[in-house]
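# A structural walkthrough
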Amino acid sequence: MALKCGIVGLPNVGKSTLFNCLSNAKAQSANFPFCTIEPNVGVISVPDERLTKLVEMCNPRSIVPATVEIVDIAGLVKGASKGEGLGNKFLANIRETDAIIHVLRCFDDDNITHVDGTVNPVRDKEIIDYELLLKDLETVESRMAKTQKQAQTGGDKTAKMQYEVLVKFHDALSQGKPARSVEFDTVDEQRFARDLFLLTSKPVLYVCNVDDASAVSGNAYVEAVRQSIAEENAQMLIVAAQTEAEIAELDSFEDRQMFLNEIGLEESGVSRLIRAAYNLLDLQTYFTAGEDEVRAWTFLRGSKAPKCAGIIHTDFEKGFIRAEVIKYDDYVTLGSEAAVRAAGKMNVEGKEYVVQDGDIMHFLFNV
C-alpha cells in the first residue's frame, strides 16, 4: 500500500530544505519563490525499531521496510485557485496526494525573505487554506448544478443522496470550514464524499519550521499555530529543518545522536515526521519474518486477515484459508518461531481476525 504525502506551503518557508532532509534527493533550495517548479519525489523508509530487531534475530538475505512517498510541491501564492503563480499545477499536485504536510515558517531570519514581507504562520496557513477552500467550493458548486434538478424533480434516490452530501459540504466550505470537518453516517454517503477528491478533505499535518533554539519547546509562533488549529481535525509537529539538514550531513549514527542530545532531542524531527506522515492515514504495520526476508507491510487500521493477505498478492486474499499469527513481543521474548510454536503462543486465525499493529503473519491459501 503506497502512501503519498505532499509537502506544501508558501515560498521560502523551508519546504525544500525539509524534503532534502527526508530523502537523498537534493531539491534545489534557493532564496526566491518557485525554486521548486516540478514536484520532487522521494521514497522514504519508515523508521521502525521492531523491524531492526527482527532483522537482528533472523539475519535475513533481504530487508524491506515500510515506505512513504514524499512529494515536494511548488510554493503557492494568493490567487492560486484562480490560476495565479503556479496555482493550477500546485492544486493538481495536491489532488494526487493522500495527505498534506503543510510547512509553516515559525522563525525569524532577515537573510531569508518572506513573500508577504513579515513572518506570520497563522496568516500563511490561512492563505493556503483559503485557496484550497475556494477550489473545493468551485468543485462542489459545479457538481450541485448538475445534480440539483435530477435530485429534486426525479425519483433518483442516489441523486438525492449525492445532492444532500454536496449541500453539507457547501455549507461547511462557505463558513470557512474544511471538508474533513463534515461527517456522514452511511457508507454510500462516505463513498461519494471520498470520490469527490476535495482538497480540504485530505488529512493534514502542520509542520512548524523553527530555529535551533526552539526545536524542543517551540516558540510564540508555534503557540499561535497551535491555537489556530485547535478545532481542526489535524496534527502538528515542531521541526528545525535547517538543524535537521546539518544532522543529515553527519556520517555516523553516533555523531547524529550526539548532536541531537546536545540540543535536547531524543530523536530527529525527520524520524518523527516520517512516522507522523505514516500515522496520518491511520496506517499500521504487520511483518513477515524468516531467513529469506524480513518485511514490513502497510495496512489500514481495522483490516481483517484476508484483506491484509491481499496486500502481498491478490491470490492470497482470494484463496485465504487461515493465518498463523505471532505477537511481536512473544517472538522477541521467546527468540524464534520454533520456540513460539513450542510454547503454544502461535495463534491460528480465520477470516474475521482483525490484524493488529506489529503482528508477525504467515498466510495459508489455496487458489
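Residues numbered from 1 in each chain as written. Predicted model: local features only at pLDDT ≥ 70, side-chain atom pairs only at ≥ 80, totals over all residues. Heavy atoms only, no water.

### What to know about the overall build of the protein
A tally of helices and strands in the protein yields 14 helices and twelve strands. Evaluated residue by residue, the protein yields a buried proportion of 47% over its 367 residues. Pairs at least 24 apart in sequence give 69% of the contacts found in the protein among residues at least 6 apart. Just so you have it, the protein exposes about 18,300 Å², and 48% of that area is on carbon and sulfur atoms. (Helix = DSSP H or I, 4+ residues; strand = E, 2+ residues; numbered from the N terminus. Buried < 20%, exposed > 50% of the residue type's maximum accessible area, 1.4 Å probe, protein only. Contact = heavy atoms within 4.5 Å. Areas by Shrake-Rupley, 256 points an atom, 1.4 Å probe, with all protein chains shown as cover.)

### A closer look at the sheet that holds strand β1 (residues 4–8)
Pairing is mixed in the open sheet, where six strands are placed in the order β2-β4-β1-β5-β6-β7. Each edge of the open sheet carries a strand with a single partner, namely β2 (40–45) and β7 (235–239). Going from strand to strand, the sheet's axes swing by 25° on average, the running direction of each strand aside. Pairing geometry for β1 and strand β4 (residues 67–72), over four bridges, is parallel. When the bridges of β4 are listed, K4 appears paired with E69. Packing of helix α4 (residues 121–153) onto the sheet brings it into contact with β5 (99–105) and β6 (204–209), and relative to β5 it is tilted by some 145°. The strands touched by helix α10 (residues 269–280) within the sheet are β1, β2, β4, β5, β6 and β7, with β7 carrying the most contacts at an inclination of about 165°. (Pairing = 2+ DSSP bridges. Axes fitted to C-alpha atoms, helices over the stretch in contact; angles between N-to-C directions.)

### Some thoughts on the environment of L281
In this structure, L281 sits in the loop between α10 and β8 (283–289). Its relative accessible area of 24% is what places L281 among the partly exposed residues.

### Looking at unusual backbone geometry
Positive phi, normally seen in glycine, also occurs at N59, with a value near 45°. Note that N59 resides in the loop between α2 (49–58) and β3 (62–64). According to the relative accessible area criterion, N59 is exposed, its value standing at 63%. Notably, F197 is not glycine yet its phi reads approximately 55°, a positive angle. As for its position among the elements, F197 is in the loop between α6 (187–195) and β6.

### Quick look at helix α5 (residues 157–174)
The end-to-end C-alpha separation of α5 is 26 Å, in line with the 26 Å expected for 18 residues at 1.5 Å each. Burial in α5 covers these residues: A159, M161, Y163, V165, L166, F169, A172 and L173. Each element contacted by the buried residues of α5 is listed here: α4 and α6. (Expected span 1.5 Å × (residues − 1).)

### Considerations on the packing of aromatic side chains
All told, the structure shown has six aromatic pairs when counted by the stated rule. With a centroid separation of 6.4 Å and 15° between ring planes, the pair formed by Y286 and W297 is classed as stacked. Remark: W297 occurs in strand β9 (residues 293–300) and Y286 occurs in strand β8; sequence separation between them is eleven residues. For the residue pair Y286 and W297, the accessibility class agrees, reading buried in each case. With centroids separated by 5.8 Å and ring planes inclined at 85°, the aromatic side chains of Y286 and F363 adopt a geometry described as edge-to-face. (Phe/Tyr/Trp six-rings, centres within 6.5 Å; stacked < 30°, edge-to-face > 60°.)

### Notes on the confidence of the model for the protein
Confidence in the prediction for the protein averages 85 pLDDT; 90% of positions are at 70 or higher. Under a pLDDT of 50 for its full length, residues 25–37 has, in the predicted model, 34 contacts with residues more than four places off or in other chains. (pLDDT = per-residue confidence, 0-100.)

### Section: the packing of helix α1 (residues 15–22) against helix α8 (residues 241–248)
Each pair of packed helices gets described by two things: the angle between the helix axes and the distance between those axes. It is the contact of α1 with α8, at a shortest axis distance of 9 Å, that shows an interaxial angle of 30°. For the element pair α1 / α8, the angle class is roughly parallel. Our pair here, α1 against α8, has a crossing hand that is left-handed. For the pair α1 and α8, the contacting residues are T17, L18 and C21 in the first and A241, Q242, E244 and A245 in the second. Considering only residue class, the contact of α1 with α8 consists of four nonpolar, two polar and one charged. (Parallel < 35°, antiparallel > 145°, perpendicular 65-115°, else oblique. Left-handed = near helix turned anticlockwise from the far one by under 90°. Nonpolar A, V, L, I, M, F, W, Y, C, P; charged D, E, K, R; others polar.)

### Details of a negative patch on the surface
A cluster of acidic residues, D108, D110, D211, D212, E246 and E249, forms a negative patch on the protein surface. Relative to the helices and strands, E246 is located in helix α8. (Patch = residues over 30% accessible without salt bridge, like charges linked within 9 Å, V, L, I, M, F, W, Y side chains within 5 Å. Salt bridge = Lys/Arg side-chain N within 4 Å of Asp/Glu carboxyl O. Lys, Arg positive; Asp, Glu negative; His and termini not counted. Charge placed at Lys NZ, Arg CZ, Asp CG, Glu CD.)

### Things to note about the nonpolar core
L22 and I70 are the most contacted members of the largest nonpolar core, which totals 71 residues. With seven residues, α10 is the largest single contributor of residues to this core. Those residues within four positions of I70 in sequence are excluded, and the remaining contacts are C5, I7, F19, L22, N40, V41, G42, I44 and I101. Within the second largest apolar cluster, 20 residues are counted, among which are L133, A172, V182 and A193. (Core = buried A, V, L, I, M, F, W, Y, C linked by side-chain atoms within 4.5 Å.)

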